[in-house]
Structure formats: structure tokens, C-alpha cells
Amino acid sequence: MKNKLNLEVSLLEIILSILIFVICSVIVINCFIIARYTQIKANDKTIGIMKVQTTLEYIRSSRNIDEVNEYMIKEFQEVYYDNNIYINYYDKNWNICDKSEKEYIIKIKLENISIKSGKLINIQASAQKIKPYPLVDKNRDNSQITLISTNKFFPNFMRSTK
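Heads up: these notes are all about the structure in this document. Quick caveat, the model's predicted, so the values are computed rather than measured.

Turning our eyes to something else, we now look at the sheet that holds strand β2 (residues 85-90). Here we have five strands laid out as an open sheet, ordered β1-β2-β3-β4-β5, and antiparallel in their pairing. The two strands at the open ends of the sheet, each matched to only one other strand, are β1 (78-80) and β5 (143-155). Strand-to-strand twist in this sheet, taken as the mean axis angle between neighbours without regard to direction, amounts to 15 degrees. Of the strand pairs in this sheet, β1 and β2 are connected by three bridges, and their pairing is antiparallel. Paired with V79 across the two strands is Y86, which belongs to β2.

Here we come to helix α2 (residues 65-75). Within α2 the residues assigned to the buried category are I65, E67, V68, Y71 and M72. Buried residues of α2 fall within an arc of 160 degrees about the axis and therefore sit on the same side. In α2, the exposed positions that point more than 90 degrees away from the buried face belong to D66 and K74. One side-chain oxygen of the residue at the start of α2 lies 3.2 Å from the amide nitrogen of D66, identifying that residue as N64.

In this structure, G48 sits in helix α1 (residues 2-61). On a C-alpha basis, the gap between G48 and T146 in space is 6.9 Å, while along the polypeptide they are 98 residues apart. Among residues more than four places away in sequence, those in contact with G48 are W94, I106, A127 and T146.

Let's shift gears to the pairing of strand β4 (residues 118-129). Note on strand geometry: in a regular strand, side chains alternate between the two faces of the sheet. Sheet topology note: the strand β3 (residues 104-115)/β4 ladder contains twelve bridges and is antiparallel. Directly across from L110, in β4, lies its bridge partner I123. Where β3 hands over to β4, the hairpin turn is made up of two residues, counted between the paired strands. Relative to β5, β4 is paired through twelve bridges, and the arrangement is antiparallel.

This part covers the side chain of T55. Position of T55 relative to the elements: it lies in helix α1. Residue contacts for T55: discarding those within four places in its chain leaves Y71, M72, F76 and I108.

Within the chain, N84 stands out as a residue other than glycine whose phi angle is a positive 55 degrees. Inspection of the secondary structure assignment puts N84 in the loop between β1 and β2. With a phi angle near 65 degrees, W94 is a residue other than glycine that sits in the positive phi range. Mapped onto the elements, W94 comes out in the loop between β2 and β3. The class for W94 is buried, based on a relative accessible area of 5%.

Reading guide: rules and limits
Residues numbered from 1 in each chain as written. Predicted model: local features only at pLDDT ≥ 70, side-chain atom pairs only at ≥ 80, totals over all residues. Heavy atoms only, no water. Pairing = 2+ DSSP bridges. Helix = DSSP H or I, 4+ residues; strand = E, 2+ residues; numbered from the N terminus. Axes fitted to C-alpha atoms, helices over the stretch in contact; angles between N-to-C directions. Buried < 20%, exposed > 50% of the residue type's maximum accessible area, 1.4 Å probe, protein only. Arc of directions from axis to C-beta. Polar contact = N/O pair within 3.5 Å; in protein donor to acceptor, adjacent residues only side chain to side chain. Contact = heavy atoms within 4.5 Å.

Here you go:
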């Protein structure tokens, strides 16, 4: 009788141990999956900022608005002249691709403001991921990777030296 009682307790302990192990395993696997998507998001943020910052640095180093427009028309796939919006599409490896294969979008918006002493350009640059990151993004719309706003002033006395 005593052996039978010990056997039942041992079986109950084994079942309870397995249940605890399964619960802990699910939690750990979930943490690894979330960490993986967080790493992907961090890598995308680094690459997105680098691509946006490269364009912004070129704009900021330009001597005049014409030079900015030439560069933007040459470098970007879609150009909306009426709104001064420039868009590039990228695939999952951050290579420029067609609109149908896009995974990421880089959008630059320029707003020209004329003042007495020159021209001021308000620049808004953003990088977005089309599909949200699983388990990481709370927002289910386009995932904003980066958004940078800056200005560039071109004084009237600076002329092109072509």
C-alpha cells in the first residue's frame, strides 16, 4: 500500500515537472523570436538612417537649389514636381527595386520658402517598412523606421560656378 502511494506521488511530480518545463520553454522561445525581430528592426533602422542621412548630407552640401533638384531627379525613381516629393523603393536587402517588389520606401519632401536674403528649403526625409515587424510593432500600419526634418538655406549671393 505504501509503495502504491509513493508511485502516485512520483507520477504527479513528473507530470508537474513536465508542465513547468513546457511553460518555461514557451516563454523562452517567445523571447528568442521577439529578440530576432527586434534585431531585424534595429538593423533596418541603421540602414534606413544611413540612406536618408546620405541624401540629406548631399542636399546640405549643395551650392544652390538647381544642384539639389538635379541630384534628386537623378537619384530617385518617382518624382512629384508639384509637391516636391521624391521616392525610392527598396527590396528586403535594401537594393533599389520596382514598386511591385518594394519592402521599404524612402521619401524626401522639399518645401521651398523664398525670403529676402535667399531661399530656405524645409526638408522632411523618412524611411518606412511596408509590412510591420511581427510581434514587435504595435502599430499595424506602415512601420516608420526614421523621420528626419531639417533645413537648408541658400543665400542670394551664392551663385552657381558652372
